[in-house]
Amino acid sequence: MKSNQLYPEATKEMSEKRTALTPEIEAAFRDFSKTIFKEGELTEKVKQLIAVAVAHVTQCPYCIRSHTKHAMRKGASKEEIMEAIWVAAEMRAGAAYAHATIAMDEMEA
């Protein structure tokens, strides 16, 4: 890892090491992922836009890079990707706001 990086680079070697540790689980996960992102009631592009948004909420830098790249490959525009990110931002902020009810309930107890 470079000293100016927060996270290690996702490399083929790292992926191979991870796969070697649990090959059956890795294969099952890859099959699951391929199945989820296949065209269905939702288009592959829409599924990738959802993944971009969720990746921002879960704050997974690897997922953000991967699903942004996949969304663009499936035809998503930069504007669509940014709009999906704004939806994620609203949901994350909205959840914090909604959970204020728990704090308020505790303060009233």
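No experiment lies behind these values; they were computed from the predicted model shown. (Residues numbered from 1 in each chain as written. Predicted model: local features only at pLDDT ≥ 70, side-chain atom pairs only at ≥ 80, totals over all residues. Heavy atoms only, no water.)

A short note on the side chain of Glu26
Part 1 of the reasoning: Within the secondary structure, Glu26 is located in helix α2 (residues 23-36).
Part 2 of the reasoning: What makes Glu26 buried here is its relative accessible area of 11%.
Part 3 of the reasoning: Non-local contacts of Glu26, meaning those with residues more than four positions away in its chain, are made with Arg18 and Thr19. (Helix = DSSP H or I, 4+ residues; strand = E, 2+ residues; numbered from the N terminus. Buried < 20%, exposed > 50% of the residue type's maximum accessible area, 1.4 Å probe, protein only. Contact = heavy atoms within 4.5 Å.)

Overview of the nonpolar core
Part 1 of the reasoning: In terms of nonpolar packing, the biggest core is built from 9 residues, these being Leu49, Val52, Ala53, Ala71, Ala76, Ile81, Ala84, Ile85 and Ala88.
Part 2 of the reasoning: At the level of secondary structure, the elements contributing two or more residues to this core comprise α3 (44-58) and α5 (78-98).
Part 3 of the reasoning: Beyond its immediate stretch of four places on either side in the chain, Leu49 contacts Ala71, Ala76, Glu80, Ile81 and Ala84. (Core = buried A, V, L, I, M, F, W, Y, C linked by side-chain atoms within 4.5 Å.)

Re the packing of helix α1 (residues 12-21) against α2
Part 1 of the reasoning: The N-to-C vectors of α1 and α2 enclose an angle of 115°; their axes lie 5 Å apart at closest approach. With respect to α2, the element α1 is oriented roughly perpendicular. Contacts from Ser15, Arg18, Thr19, Ala20 and Leu21 in α1 reach Pro23, Glu26 and Arg30 in α2.
Part 2 of the reasoning: Considered class by class, the residues forming the contact of α1 with α2 number 3 nonpolar, 2 polar and 3 charged. (Axes fitted to C-alpha atoms, helices over the stretch in contact; angles between N-to-C directions. Parallel < 35°, antiparallel > 145°, perpendicular 65-115°, else oblique. Nonpolar A, V, L, I, M, F, W, Y, C, P; charged D, E, K, R; others polar.)

Focus on the pattern of salt bridges
Oppositely charged side chains can form a pair if their charged atoms are brought close together.
Part 1 of the reasoning: Tallied over the full model, the rule gives 5 salt bridges.
Part 2 of the reasoning: Two residues, Arg30 and Glu26, come together in a salt bridge whose shortest N-O distance is 3.0 Å. Note that Arg30 and Glu26 are positioned in helix α2 at a spacing of 4 residues, about one turn of the helix.
Part 3 of the reasoning: The partner of Glu44 in a salt bridge is Lys74, and the shortest N-O contact between them spans 2.9 Å. Of this pair, Glu44 sits in helix α3 while Lys74 is found in the loop between α4 (61-73) and α5, placing the two residues 30 residues apart along the sequence. (Salt bridge = Lys/Arg side-chain N within 4 Å of Asp/Glu carboxyl O.)

Focus: the layout of surface pockets
Part 1 of the reasoning: Of the pockets and cavities examined, the largest pocket occupies roughly 1300 Å³.
Part 2 of the reasoning: Lining the largest pocket are 30 residues, with Arg18, Tyr62, Cys63, Ser66 and His67 positioned closest to its centre.
Part 3 of the reasoning: Broken down by secondary-structure element, the contributors of at least two residues to the lining of the largest pocket are α1, α2, α3 and α4. (1 Å grid on protein atoms, 1.4 Å probe; cavity = no way out; pocket = protein on both sides within 12 Å on 5 of 7 lines; lining within 4 Å. Points joined across faces, edges and corners; volume = space filled by probe spheres on them.)

Overview of the environment of His56
Part 1 of the reasoning: By the element assignment, His56 lies in helix α3.
Part 2 of the reasoning: When its relative accessible area of 24% is taken as the criterion, His56 is described as partly exposed.
Part 3 of the reasoning: Taking the C-alpha atoms as reference points, His56 and Val87, 31 residues apart in sequence, are found 9.8 Å from one another.
Part 4 of the reasoning: When neighbours within four sequence positions are excluded, His56 is seen to be in contact with Ile64, Ile85 and Ala88.
Part 5 of the reasoning: From its side chain, His56 meets the backbone oxygen of Val52 in a polar contact 2.8 Å long. (Polar contact = N/O pair within 3.5 Å; in protein donor to acceptor, adjacent residues only side chain to side chain.)

Just distances and angles here, no functional claims.
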